[in-house]
Amino acid sequence: MIWVVSDIAPGSSMIITVKVKVVRDGSWTNNLTLNGNFTVNATVTTVNPIKTVNNSNPVVGEVIEYNLTVNNTGSVVISDNVTLVDSLPDGLVYAGDYSVVGGKVVKFAQSGNKLIWVVSDIAPGSSMIITVKVKVVRDGSWTNNLTLNGNFTVNATVTTVHKADLVIIKNVSNKSPNYLDKIAWSITVVNLGPNSAHDVVVTDLLPNGLVYLGYDAAKGAYNPITGLWNIGVLNVGERVVLTIYSLVDVSNSTIINLAVVNSTTYDPNMSNNKDNESIVVSPAADLEVIKVSNVDFAVVGDTVIWTITVINHGPDNATNVRLFDLLSSSLKLVNFIVSRGSFNKFTGVWSLGELKAGDNATIRIITIALVSGHVVNFANVTSDVYDPNMTNNKDNATVNVINKTIPPESPEPSKPSKLPVHSMRATGNPILMVLMACLLIGSSIVYRRRKN
Ligand SMILES: [Ca+2]
Ligand SMILES: [Ca+2]
């Protein structure tokens with residue numbers, strides 16, 4: 001800007017007042033030159049506010065520190081009062097403490113969410129730093145504005161990290177159950193903090209080979225279809241347990257059961273959010289014995305044939321199958337026929353070897369009844385493979401043997417046909433029977449005549 005002036009009276013001054021606008025922070029020296037010789041200047045100093053925070057990712061409840069810095073970038077001391085207004089957003093509250101380095105606080109006031117400092121005495125080239133403590137009270141992203149003299153505004157933003165380290169532990173009541181055993185799985189979830197965890201969900205779907213029976217949970221509900229256990233909020237230090245009851249419906253296999261915990265709250269350590277437990281199920285074979293005799297009644301000296309069938313109902317092959325059938329001393333072994341394996345007539349052990357699932361085998365033992373009475377013959381089967389149902393592993397058959405020389409007791413009316421026919425020959429009187437029959441027929445004829 002150039003002015004050409006004149007008419008300045010002796011002893012008086014001419015004053016030109018010119019308005020300029022400060023467009024950048026800094027220290028600006030403005031030179032005035034008169035006729036190209038005299039140069040005078042004036043320097044204006046601007047202040048440069050800066051706002052920083054010591055932790056831009058705090059958690060709720062944490063006290064964080066903001067540094068409000070006012071730099072004097074000029075060459076003169078800032079002696080005018082400078083007003084700093086710090087506007088705290090919803091999620092932050094003043095923690096009741098601040099400290100100052102450099103400069104002087106003329107006044108401090110708190111008005112609502114605003115913290116107001118009036119400061120001065122900031123030396124050139126130095127800074128005044130106000131460190132103010134605020135507490136994070138709500139989750140969110142919070143921008144904190146600092147305004148200097150109503151003009152300059154700077155800000156710092158914090159985004160809360162609400163975090164909770166969840167841990168899941170899975171156990172099983174029996175790591176090596178048998179086929180059709182009932183086992184219980186326990187899933188424990190713990191919140192190690194530092195915050196409560198929200199929308200906590202465990203995924204634990206029973207794998208194939210396990211039949212769901214029911215569950216127990218002190219908190220939340222388990223859905224066996226989706227495998228989701230909705231826990232909801234889990235507070236710091238809180239521990240919850242889910243027990244899932246199941247039936248082992250598979251054999252000869254290993255089952256791995258996985259459980260995973262998740263939450264909408266940030267988890268700083270995901271390595272402990274899943275756990276699995278496995279079970280090893282041995283092979284199983286349900287063997288059944290069926291023993292029958294060819295007769296229910298016999299006379300001493302008669303032949304009695306015992307047929308014993310061993311069935312493997314599976315689900316797996318049975319190995320080293322042995323049937324124990326030691327004959328009663330009332331019987332004399334005549335012969336035997338096996339569909340497989342070998343029978344030791346002295347020990348009464350029929351060794352079948354392997355019996356595949358669904359297969360069956362038969363032994364027929366031919367005997368002679370030696371003495372009268374109830375002759376009971378037991379058979380019992382075992383194998384090296386687990387049998388889930390031992391109630392059908394033994395069977396017996398009974399034959400009533402009567403002596404030829406002793407008259408029979410009155411035959412039971414319900415089972416007359418069971419009596420051997422030839423026993424009548426030993427004790428009955430055919431002539432008497434014929435006479436009685438004639439008498440019955442005669443009386444019947446008389447009765448009919450009277451009716452007519
Ligand atoms: Ca975790
Ligand atoms: Ca069985």
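Residues numbered from 1 in each chain as written. Chains lettered and ligands numbered in written order. Predicted model: local features only at pLDDT ≥ 70, side-chain atom pairs only at ≥ 80, totals over all residues.

Our focus in this paragraph is the overall build of the chain. When its secondary structure is counted, the chain shows two helices and 30 strands. Out of the 452 residues belonging to the chain, those deemed buried represent 23%. Taking the contacts inside the chain whose residues are at least 6 apart along the sequence as the reference set, 73% of them involve residues at least 24 apart. (Helix = DSSP H or I, 4+ residues; strand = E, 2+ residues; numbered from the N terminus. Buried ≥ 20, exposed ≤ 12 C-beta atoms within 10 Å, placed from the backbone. Contact = placed C-beta atoms within 7 Å.)

On to the nonpolar core. Within the largest apolar cluster, 34 residues are counted, with the highest numbers of intra-cluster contacts made by V310, V321, L323 and A369. When contributions to this core are tallied by element, the ones reaching two or more residues are β20 (274-281), β21 (285-293), β23 (303-315), β24 (318-324), β27 (349-355), β28 (360-369), β29 (373-382) and β30 (394-402). Formed jointly, this core draws a minimum of three residues from each of two domains, domain 2 (166-281) and domain 3 (284-452). With residues near it in sequence (within four places) discarded, L323 still touches V289, I308, V310, W350, L352, A379 and V381. Membership of the second largest hydrophobic core comes to 23 residues, among which are L68, I78, L84 and V119. (Core = buried A, V, L, I, M, F, W, Y, C linked by C-beta atoms within 7 Å. Domains from an automatic or database assignment.)

In sheet architecture, strand pairing relies on hydrogen bonds along the backbone and comes in two forms, parallel and antiparallel. A sheet is described by the order of its strands in space; here five strands give the open sequence β16-β17-β14-β19-β20, paired in antiparallel fashion. A strand with exactly one partner marks an edge of an open sheet, and here the two such strands are β16 (221-223) and β20. Put simply, the sheet's adjacent strands are angled 20° from each other on average, direction ignored. Where β16 meets strand β17 (residues 228-234), three bridges bridge the pair, whose relative direction is antiparallel. Residue A221 lies in a different strand from β17, and its bridge partner there is N230. (Pairing = 2+ DSSP bridges. Axes fitted to C-alpha atoms, helices over the stretch in contact; angles between N-to-C directions.)

To continue, consider the sheet that holds β30. Taking strand neighbours across the sheet as the criterion, the six strands line up as β22-β30-β29-β24-β27-β26 in an open arrangement whose pairing is mixed. Strands with a single pairing partner mark the edges of an open sheet, and in this sheet they are β22 (297-299) and β26 (342-344). Pairs of neighbouring strands in the sheet enclose a mean axial angle of 25°, with direction left out of account. One ladder, built from five bridges, connects β24 with β27; its direction is antiparallel. Considered in β27, the bridge of L323 is made with W350.

This part takes up the environment of T33. Mapped onto the secondary structure, T33 falls in strand β1 (residues 27-34). When the C-alpha atoms of T33 and I2 are compared, they prove to be 9.7 Å apart, with 31 residues separating the residues in sequence.

The pairing of β24 with β29 spans three bridges and is classified as antiparallel. What sits directly across from F324, in β29, is N380. Two elements, β29 and β30, share eight bridges in a ladder whose sense is antiparallel. What sits directly across from N377, in β30, is A397.

Attention now goes to unusual backbone geometry. Residue P194 follows G193 across a cis peptide bond; omega there is 10°. Along the polypeptide, P194 turns up in strand β13 (residues 182-194). The step from G314 to P315 runs through a cis peptide bond, and the omega angle for that step is 10°. Following the sequence through the fold, P315 ends up in strand β23.

Attention now moves to the confidence of the model for the chain. Model confidence for the chain is summarised by a mean pLDDT of 86, while 87% of its residues fall at 70 or above. Averaged pLDDT values for the elements of the chain fall to 37 in helix α1 (residues 423-427) and rise to 98 in strand β18 (residues 239-248). Segment residues 414-452: pLDDT under 50, and 14 contacts once partners within four positions in sequence are set aside and those in other chains are kept. (pLDDT = per-residue confidence, 0-100.)

Now for the environment of I402. Counting through the fold element by element, I402 comes out in strand β30. Considering only alpha carbons, one finds I402 and V371, 31 residues apart in sequence, at a separation of 7.7 Å.

Turning our attention to the environment of A221. With respect to the helices, strands and loops of the structure, A221 is situated in strand β16. Spatially, the C-alpha atoms of A221 and I231 are 7.1 Å apart, while their sequence positions differ by 10 residues.

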